[in-house]
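Chains, contacts and geometry: an overview
Single-letter residue listing:
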Amino acid sequence: MTYITDKVMIMMGKAARQEMADHISKRFYGLLDYKITGQPLKSKVQWENEYMIFACPHSRPDLKGYMKMIKYPLDNERHGLKIRLCRFGNDGYHCFLQMNLECLNDFLCTPVKWTFETKLAKQWDEEAYPYTCQQGECFVDRGTLYETINGKDRSKPLKGNYTFRYNLFDAIQTNGEKMDGAFSFSIIDELNVIKKDNMLKPYIELNLPSINKNMDIRSYVHTGQSVIPAVYGLGFDGRVLFYISGIEILFLINRENELSKGWKNLYEKLRNYHC
Amino acid sequence: MKNFVIIIVDQMSMDCISLYKKYFKDEAYLAHWVDTPNLDRMINEGVSFTRSYTPSAVCCPARASLFTSRMPVEHGVICNNIGIDRNVPNMGEWFGDHSDYTMHYCGKWHAGGKWNCPQKEGARKIPGMNVLPIGEHSNGSNLDYKVSQTVSAFVRNYDKDKPFILVSGLLNPHDICFWAHDFGVKDTIKRSSDFFDIENHLPPVPPNMDYDFIEPDKEHVKPLPPHFNAHEWQNYLYDYCRMVEKIDSDVEKILNAVEDRDDDTFVIFTSDHGDGLGRHGRIEKWHPYEGSNKIPLIFWNPKSICKGFINNSHFVNLLDIFPTICDYTGVEMPPHSRGLSLKPLLEGKEPGEWRDHIYIDYEKTGRIIISERYKYVMKYKFSGNDDLQFIRKEDGVFESFGKGAGHTYEKYSERMLFDLEKDPWEKVNLYNNPNYKEVLSWHEEKLKEWEEKLIPGMHYDRN
């Protein structure tokens, strides 16, 4: 993996970002007018082994969330993935989901077992709002998904290829160059919900001017059960830069100009989240 | 001890559940184009109704009716963003005063007041209900994950010895509104099928896109979709179906949590209203047609009610949920409740006398009577200047479009009568057909009975 998120955004430059926004927004619901046109970063600090994505609903840019993923090797066949997702609330509490996954080093970064914790809390490391904490363990064995949530067991069939929703970012990032044809799979969405008939396939390629040189952006389209057609965009380094679906957008974003004081505090929390 | 989890979604028409394809056989119905295994499961393991209607195809009026069991003119919320009459108790206040039940709320509220999502304290606090503070979101893609995650945790963890009513307010498939709004405004949207290989998955346009009758208040028929061609309508419907499937996966999380709780907990699934779905060329709600007015209503509790019974015969309504919970908990019904307890129907018993028609408001002054076979639609001319005057004069004296409210009662000359048995897509207006005079007078009489019975609300909290 490469870790030059901020650099990519800087190199694109305002005009290039606007062009990309224009190009993509013509295919979606007018989403990107505001979100990719920020000023270049002051800081060029690179992030290692992590990335941060803001959810930016078009109609309410003040209401966002973040996701952080940390990938680390386990052995030749497997890697670990830690995900923390925070959907912000405006009532003093935020909705957290944290997962630790063990995944195969295969095309879809297929998760074989994972643990998770969810809660409604002011901060991740603070006490949960009453009755809102869940903890669970899941694993897949011979086509069956087994889960234990708050001590209760359940299983359900899971056939064929599958991945976890947020693993798709990792899968595309890791394998983008090899993706020259469509493939289908199931998604395990938010802990344990299985959605079938998902499809990922190559989409448009853009060559956009940036400050120093042109840059290529490749993209992949995701369709399937409960998925409003979505696009993942990759920068020239193979890194996933954005995900757009209907009115939802997840985007790698600079942290200096977009973050208010409150956001910076959250960002510091995020940075202090270690494996 | 029985508990109740009410899942109310936003803008989901009844025919958008895959199992219902056997009842909605025309492939233009969306049941043929969605995959909703968890709603199917609720239907297969519970009791559902295919003649269920909203009392008003607008968010606030419909939701306020669910939580008060009163018609819009009575609780006062005849349009969006008006508070419920303070003298009309909501479900939380009622059960708090008359039982050991506590009521908890999570997600979209929009049953009175200008705000969509409630807060724990302050002006957005819901009287009588404990709000789970997940905050606000205006789109389902973000809000609904928070709701289903929080609700499922609450259900798993809440004390076994404390009875509860919990509302899960999911926002999708309301996100489809953004699709349509931006289409006209930004002129940037292109069809998904231009870029994605989904042609074979696009639902057909409905067969009633074109109709040759004039609707009441034709100058203000809304909202008019902006320049959709047939292919764009198909894309609209395709995305709508995906949003319904998102809801279905949220339902799975909540159902699993209830199942893990392993007690006598009901899950009730419904929607505030449906969507235009391109039928009669409409988007969103507001309309007098079946797409807007017919809503899913499913009860699930394998321990207490029939399994796999789909009721195709009885008219039911959002108003019935409150009395049904009262009946199951031994709590008396609130005064002037307009709903009926569904308990006998849920348990496979004859309910005795049942309603032979449904009364629905559409927009502020439109009225609908649906009988065994026909639908009658009329509308009064609005005689107020704006919403504020319509509800309350500036000096605080109550004024509403109801009995004795001081408005004129002039009716639009255009009215509609449909034979839903022969014409389920509502394409032929029979109002001026002399053969239906008796039918018309029967429906007009029923409407008159309703108007004489309703008690207009008085004291509003406009926040």
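Residues numbered from 1 in each chain as written. Chains lettered and ligands numbered in written order. Predicted model: local features only at pLDDT ≥ 70, side-chain atom pairs only at ≥ 80, totals over all residues. Heavy atoms only, no water.

Check the secondary structure of chain A and you find three helices and 15 strands. Taking all 275 residues of chain A together, 61% fall into the buried category. Partitioning the intrachain contacts of chain A with sequence separation of at least 6 by distance along the chain shows that 51% fall at a separation of at least 24. For chain A, the computed accessible surface area is about 11100 Å², with 47% contributed by carbon and sulfur atoms. (Helix = DSSP H or I, 4+ residues; strand = E, 2+ residues; numbered from the N terminus. Buried < 20%, exposed > 50% of the residue type's maximum accessible area, 1.4 Å probe, protein only. Contact = heavy atoms within 4.5 Å. Areas by Shrake-Rupley, 256 points an atom, 1.4 Å probe, with all protein chains shown as cover.)

This part takes up the packing of helix α1 (residues 37–45) of chain B against helix α8 (residues 230–261) of chain B. Residue and element names in this part refer to chain B. Packing of α1 against α8 brings their axes to within 7 Å, and their N-to-C directions diverge by 45°. As the angle between them shows, α1 and α8 are arranged oblique. Mapping the contact onto sequence places Pro37, Asn38, Leu39, Arg41 and Met42 in α1 and Asp248, Ser249, Val251, Glu252, Leu255, Asn256 and Glu259 in α8. Residues of the contact of α1 with α8, tallied by class, amount to five nonpolar, three polar and four charged. (Axes fitted to C-alpha atoms, helices over the stretch in contact; angles between N-to-C directions. Parallel < 35°, antiparallel > 145°, perpendicular 65-115°, else oblique. Nonpolar A, V, L, I, M, F, W, Y, C, P; charged D, E, K, R; others polar.)

All names here are of chain B. The strand order across the open sheet built from four strands is β11-β12-β13-β14, with neighbouring strands paired in antiparallel fashion. Of all strands in the sheet, those bounded by a partner on one side alone are β11 (357–362) and β14 (416–419). Strand-to-strand twist of the sheet, defined as the mean angle between neighbouring strand axes without regard to direction, takes the value 15°. Pairing of strand β13 (residues 374–379) with β14, which is carried by four bridges, proceeds in the antiparallel orientation. Bridging from a neighbouring strand, Lys375 pairs with Phe418 of β14. Contacting β11, β12 (366–371), β13 and β14, helix α13 (residues 437–453) runs over the sheet at an angle of about 120° to β12. (Pairing = 2+ DSSP bridges.)

What follows covers the side chain of Glu215 of chain B. All names here are of chain B. Inspection of the secondary structure assignment puts Glu215 in the loop between α7 (192–195) and α8. Among the residues examined, Glu215 registers a relative accessible area of 9% and is labelled buried. At 2.4 Å, the side chain of Glu215 forms a polar contact with the side chain of Tyr289. In contact with Glu215, other than residues within four places in its own chain, are Val221, Arg282, Tyr289, Glu414 and Met416. (Polar contact = N/O pair within 3.5 Å; in protein donor to acceptor, adjacent residues only side chain to side chain.)

What follows deals with the side chain of Glu232 of chain B. Residue and element names in this part refer to chain B. Tracing the backbone shows Glu232 in helix α8. Given the relative accessible area of 13%, Glu232 is considered buried. Here the side chain of Glu232 touches Asn229 through a polar contact of 2.7 Å, landing on its backbone nitrogen.

Residue and element names in this part refer to chain B. Counted residue by residue, strand β1 (residues 2–9) has eight buried out of eight residues, so it is predominantly covered. The sheet contact formed by β1 and strand β7 (residues 264–271) spans eight bridges and is parallel. Pairing of Val5 across the sheet is with Val267, part of β7.

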